[in-house]
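Chain and residue survey
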Amino acid sequence: MQIEFYGAAGCVTGSCHLLKIKGKNILLDCGLYQGKDEKERGNETFNFNPKNIHYVILSHAHIDHCGRIPLLYKQGFKGDIICTEGTKDLSNIMLKDSGHIQEMDIEWKNRKRMRLGQSPLEPLYTSKLAELSTYLFKGYPYDQWIEIFDGFKIRFRDAGHLLGSAIVEMEIKEFKEITTLVYSGDLGNKGVPLLKDPTPIKKADYVIIETTYSNKSHKNLNNDLEELVNIIKSTFKKGGNVIIPSFAVGRTQEVLYALNHYVENDILKNIKVYVDSPLASESTEIFKKYNKYFDEEASKLIQNGDNPLQFDGLIFTKSPEESSRINKIQQGAIVLSASGMCEAGRIKHHLKHNLWRKESSIVFVGYQAEGTLGRKILDGDKKVKLFGEEIAVNAKIFNLQGLSGHADKDGLINFIKQIENKPKAIFLVHGEKESQENFKKILDSEGFTSFIMNSGDSFTPGEENIHKSIVKNKIFTLLNSIEDIDSLDKDILLNKIKEIL
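Now for a quick tour of the structure.

The rules behind the values
- Residues numbered from 1 in each chain as written.
- Predicted model: local features only at pLDDT ≥ 70, side-chain atom pairs only at ≥ 80, totals over all residues.
- Heavy atoms only, no water.
- Core = buried A, V, L, I, M, F, W, Y, C linked by side-chain atoms within 4.5 Å.
- Buried < 20%, exposed > 50% of the residue type's maximum accessible area, 1.4 Å probe, protein only.
- Helix = DSSP H or I, 4+ residues; strand = E, 2+ residues; numbered from the N terminus.
- Contact = heavy atoms within 4.5 Å.
- Pairing = 2+ DSSP bridges.
- Axes fitted to C-alpha atoms, helices over the stretch in contact; angles between N-to-C directions.
- Expected span 1.5 Å × (residues − 1).
- Arc of directions from axis to C-beta.
- Salt bridge = Lys/Arg side-chain N within 4 Å of Asp/Glu carboxyl O.

**Brief notes about the nonpolar core**
By size, the foremost hydrophobic cluster in this structure holds 106 residues, and its most contacted members are Phe152, Ile154, Met170 and Phe427. With seven residues, helix 7 (residues 251-264) is the largest single contributor of residues to this core. Once you skip the residues sitting within four places of it in the chain, phenylalanine 152 turns out to touch Leu19, Ile21, Ile26, Ile57, Ile146, Glu147, Met170, Glu171 and Ile172. Ranked by size, the runner-up nonpolar core spans 20 residues in total, among them Val182, Leu187, Ala204 and Phe448.

Structure (C-alpha cells):
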C-alpha cells in the first residue's frame, strides 16, 4: 500500500488523497479548491491520470470534498464512487448546482473576453455533466463492512459533520498482514444541533485527519445560540436585517433547527426567516428523508409529530424574483443564503444590500477559507468588492464558532486518544500551516508520531519505507526547532540534505 497526498495537503480545500493497493488506484475524496487555494493551484488538472483511477471513496457531500468528481468523469474516470446513502443523495443536488455555478461564472467571464476580442473559455464542467457523473455513485448505510475487492474492505462510521458524512475505516490485507487505515473526512463538532456526535474509532494503524480548527477551542454551543438570539433582537431594534452566509447543505439545516426551538418557545416572536437558496430547499427535503440519522433530541421531536425544520415565519425562496424582493426589506428579516464563504450565489446580493448599513448584522456560522470574500469580511476589511463595486463594511460582524460543523482542537485530540492502540503515524491534512504546526506539537508531546502533509508527499507503511518527503519533514522540523542556528546555516544544511536525499 502507498498513500499519495494531493488536495487539502498544505492547504484547506480540494480534499484528495490517492491510495495504491494491489494494482488498484483509489481516491479518498475529489474536492474543489476554493479561495486562495484555487488561485494558487487551479482546478483544471489532476496530479494523476483520471483514466487510471478505479474507485473514489467519498467522505461527504461538501464541494471541497466532492466538487471535482464531474471533472474526473469528464477526463475519463468511469469507476464506482462509494459513499453513504445520505452523501449519494446530497451529492446529486450539490454537483448539479456546482455545474450550474461553473456555467454562470464562465458565461460572465466570456462576455468580458468577447468585448476584448478574446476566444471564449469552457466551464470546468456543466450541470449536465455533473448529473451524468452521479450515475457512478453507490450509497451504503453506516457501520456495514463493504468489500471493494479482495484484500480491501471499508466501513463508514458517522462523522457528525453533515448528514451522511463519514469517517472511513479501511482494512488492507497484503502478504497475510492486515493494516488498518482511518480517514477522518471532516469531523463534526460535538453537541451540534440535529446530528449525532462523531463515532469513536477503536483501532487504527495509520490515521489521516483533518485539522481545520486544530488551534482553536470553540465556545460553548448554548452560549453561541443565546448570542444569536441577542444579535437578532438587537439588530431588529436598530432597524436592520440579520444576514447569515450559510452552507446550503449542513449549516442551514442546523441553524433552522436552533431557530425552530426559539420560535416555538416564544423566545423569538413574529420573525421572518428567509432561506434564499434553491439548493438549501432541496437539501432540507433530503435531511427530512434521512431523519433516522438525527440525534436523540431531534428524533424525539419527530416521533411527537413536530418537524424541527419547519416553523411559523419560515419562508423558502426559489425564483430569482423572490430573491430580489428580499433585498427590498429594510428591517426585521433573517436571511440564510449560500454560498457559506460568500464566493458565489445569492448571498452576494444580500451582502451588497446590507454590508454598508450600520443597522444590519452579518453572522458567520462556518469556516471561511483564506482568500474568500467571507474571510476578508471576517478579517476586518473596511471595503470589499461585490459585482465590480466597492462596498463599505459598516454592518456589525459576528463569528459564532460554536455552530461550526468542524471539531475543535480538543475534539480532534479526543478522537485520536479514543483509539485504543496508538497509531504508528498520524497524517495532518485539511488545515492552515499555523494550525497544523501547533497541533503537531501537541500530538508529539503526547507521544504520537505525526506528519504535516504537503501536495506530492507519499507514504508506504513500515518505517524503513517512509518516503523521502517524510524524512525531510522530520529533519526540517528538527532544524527549525534549533534556535541557535542562523538562517544561512539552516539553508546550507537543508541544501546538503536535499543533495543526499
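Having seen the structure, we can now continue with the description.
**With respect to the sheet that holds strand 10 (residues 177-183)**
Sheet strands line up and pair through hydrogen bonds in the backbone, either parallel or antiparallel. Across the sheet, which stays open at both edges, the seven strands sit in the order 7-8-9-10-11-20-21 with mixed pairing between neighbours. The two strands at the open ends of the sheet, each matched to only one other strand, are strand 7 (146-149) and strand 21 (450-452). On average, adjacent strands in this sheet sit at an angle of 20° to one another, irrespective of strand direction. Bridge count for strand 9 (residues 166-174) against strand 10 is seven bridges, and the pairing is antiparallel. Note that in strand 10 the partner of glutamate 171 across the bridge is threonine 180. Where helix 13 (residues 409-417) meets the sheet, it contacts strand 9, strand 10, strand 11 (206-210) and strand 20 (425-429), and its direction lies at approximately 165° from that of strand 11. The strands that helix 14 (residues 433-445) touches are strand 20 and strand 21; relative to strand 21, the one it contacts most, it runs at about 170°.

**Overview of the side chain of serine 246**
Its location among the elements puts serine 246 in the loop between strand 12 (242-245) and helix 7. Look at serine 246 and you get buried, because its relative accessible area is 0%. With near-sequence residues (within four places) excluded, serine 246 lies in contact with Arg251, Thr252, Leu336, Ser337, Ala338, Ser339, Gly340 and Val365.

**Re helix 7**
Taking 1.5 Å per residue, 14 residues should reach 20 Å; helix 7 reaches 20 Å between its end C-alpha atoms and fits that length. Among the 14 residues in helix 7, 12 count as buried, and that is most of the element. Taken residue by residue, helix 7 has Arg251, Thr252, Gln253, Glu254, Val255, Leu256, Tyr257, Ala258, Leu259, Asn260, Tyr262 and Val263 as its buried positions. Directly beyond the C-terminal end of helix 7, a positive phi value near 60° is found at aspartate 266.

**Thoughts on helix 6 (residues 221-238)**
Taking 1.5 Å of rise per residue, 18 residues should cover 26 Å, and helix 6 covers 26 Å from first to last C-alpha, within 8% of that figure. Buried within helix 6 we find Leu221, Asp224, Leu225, Leu228, Val229, Ile231, Ile232 and Thr235. The buried residues of helix 6 all sit within an arc of 155° when viewed along its axis, so they share a single face. Looking at helix 6, the residues exposed on the side facing more than 90 degrees away from the buried face are Asn230 and Lys237. Just downstream of helix 6 lies glycine 239, where phi reads positive at about 90°.

**Looking at unusual backbone geometry**
Here the phi dihedral of phenylalanine 175 falls at roughly 50°; this positive angle occurs in a residue that is not glycine. By the secondary structure assignment, phenylalanine 175 is in the loop between strand 9 and strand 10. Judged by its relative accessible area of 81%, phenylalanine 175 falls in the exposed class. Backbone geometry at asparagine 270 places phi at a positive 55°, although glycine is not the residue there. In this fold, asparagine 270 is placed in the loop between helix 7 and strand 13 (272-276). Given the relative accessible area of 83%, asparagine 270 is considered exposed.

**Brief notes about the environment of phenylalanine 459**
Turning to its location among the elements, phenylalanine 459 is positioned in strand 22 (residues 458-459). A C-alpha to C-alpha distance of 20 Å links phenylalanine 459 and valine 12, two positions 447 residues apart in sequence.

**Some remarks on the pattern of salt bridges**
A full pass over the atoms with the stated rule returns 19 salt bridges. Where glutamate 296 meets lysine 300, a salt bridge forms, and the shortest distance between an N and an O atom there is 3.6 Å. Residue glutamate 296 and its partner lysine 300 are located together in helix 9 (residues 296-303), separated by four residues, close to a single helical turn. You can call lysine 300 partly exposed: its relative accessible area is 46%. Linked through salt bridges whose partners overlap, the residues forming this network are Asp143, Arg155, Arg157 and Glu169.

These values are about where atoms sit, not about what they do.
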